[in-house]
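A closer look at the structure
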Amino acid sequence: MTSSDLDTLVPLTQVLELAGQRLTISPLLVGELPAMLKAVRPFAEQLTGEPDWLALLCDHGDALLAALALASRQPRDRVDALALDEAITLAAAVFEVNADFFVRRVAPKVGDLAQSLNSRLAGSTPSLA
């Protein structure tokens, strides 16, 4: 077993120094998933490859900040008080530590759901009663 195989089996944590505070970013726990899924739903399709964090912040700021607070296990006001570069560093660390969750699970499911919904809407015709 190589170290990359081990990294896949046991996700790594990241330790960050942000706003004078040391944060350990670790993978999401099962109990955190419902709130995280709700938070990332508006922008889940954009969480592939290398997300454009600045665009996400611009287009989905509140949802992104809520997700960062959940994933970093920090109060929302502490996340809101970060400098922009620190918020982007935090977002990148959260994404990297939880990449399997975001890229392999969330984004495809949201895409599948959108496609299914589009198919249903295209197949339905309004009633002319």
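Keep in mind that this is a model prediction, so the values were computed, not measured. (Residues numbered from 1 in each chain as written. Predicted model: local features only at pLDDT ≥ 70, side-chain atom pairs only at ≥ 80, totals over all residues. Heavy atoms only, no water.)

This next bit is on the overall build of the chain. Each helix and strand counted, the chain has six helices and two strands in total. Shown N-terminal to C-terminal, the secondary structure of the chain runs as helices and strands in the order α-β-β-α-α-α-α-α. Counting the 129 residues in the chain, one finds 31% classified as buried. Within the chain, contacts between residues at least 6 apart in sequence are counted, and of these 58% link residues at least 24 apart. Accessible surface, the chain as shown: approximately 8300 Å² in total, 58% of it carbon and sulfur. (Helix = DSSP H or I, 4+ residues; strand = E, 2+ residues; numbered from the N terminus. Buried < 20%, exposed > 50% of the residue type's maximum accessible area, 1.4 Å probe, protein only. Contact = heavy atoms within 4.5 Å. Areas by Shrake-Rupley, 256 points an atom, 1.4 Å probe, with all protein chains shown as cover.)

Another point: the pairing of strand 2 (residues 21-25). Where strand 1 (residues 14-18) meets strand 2, five bridges bridge the pair, whose relative direction is antiparallel. The residue bridging Leu-16 from the neighbouring strand is Leu-23, located in strand 2. (Pairing = 2+ DSSP bridges.)

Looking at the chain as a whole, its pLDDT mean stands at 80, while 70% of the residues score no less than 70. When pLDDT is averaged over each helix and strand of the chain, the minimum, 49, is found for helix 1 (residues 3-9) and the maximum, 96, for helix 4 (residues 76-80). (pLDDT = per-residue confidence, 0-100.)

Residues Ile-25, Phe-43, Leu-68 and Leu-90 are the most contacted members of the largest nonpolar core, which totals 29 residues. Elements that contribute at least two residues to this core include exactly strand 1, strand 2, helix 2 (33-40), helix 3 (53-72) and helix 5 (84-97). Take this core: its biggest share by element is nine residues, from helix 3. What Ile-25 contacts, discounting residues up to four positions off in sequence, is Leu-12, Thr-13, Gln-14, Leu-16, Ser-72, Leu-90, Ala-93, Val-94 and Val-97. (Core = buried A, V, L, I, M, F, W, Y, C linked by side-chain atoms within 4.5 Å.)

As a further point, take the environment of Thr-48. Position of Thr-48 relative to the elements: it lies in the loop between helix 2 and helix 3. Given the relative accessible area of 41%, Thr-48 is considered partly exposed.

This next bit is on the packing of aromatic side chains. All chains considered together, the criterion is met by one aromatic pair. When the centroid spacing of 5.8 Å and the interplanar angle of 70° are considered together, the rings of Trp-53 and Phe-95 count as edge-to-face. You can see Trp-53 sitting in helix 3 and its partner Phe-95 sitting in helix 5, a full 42 residues away along the chain. For the pair Trp-53 and Phe-95, a shared accessibility class is recorded, and that class is buried. (Phe/Tyr/Trp six-rings, centres within 6.5 Å; stacked < 30°, edge-to-face > 60°.)

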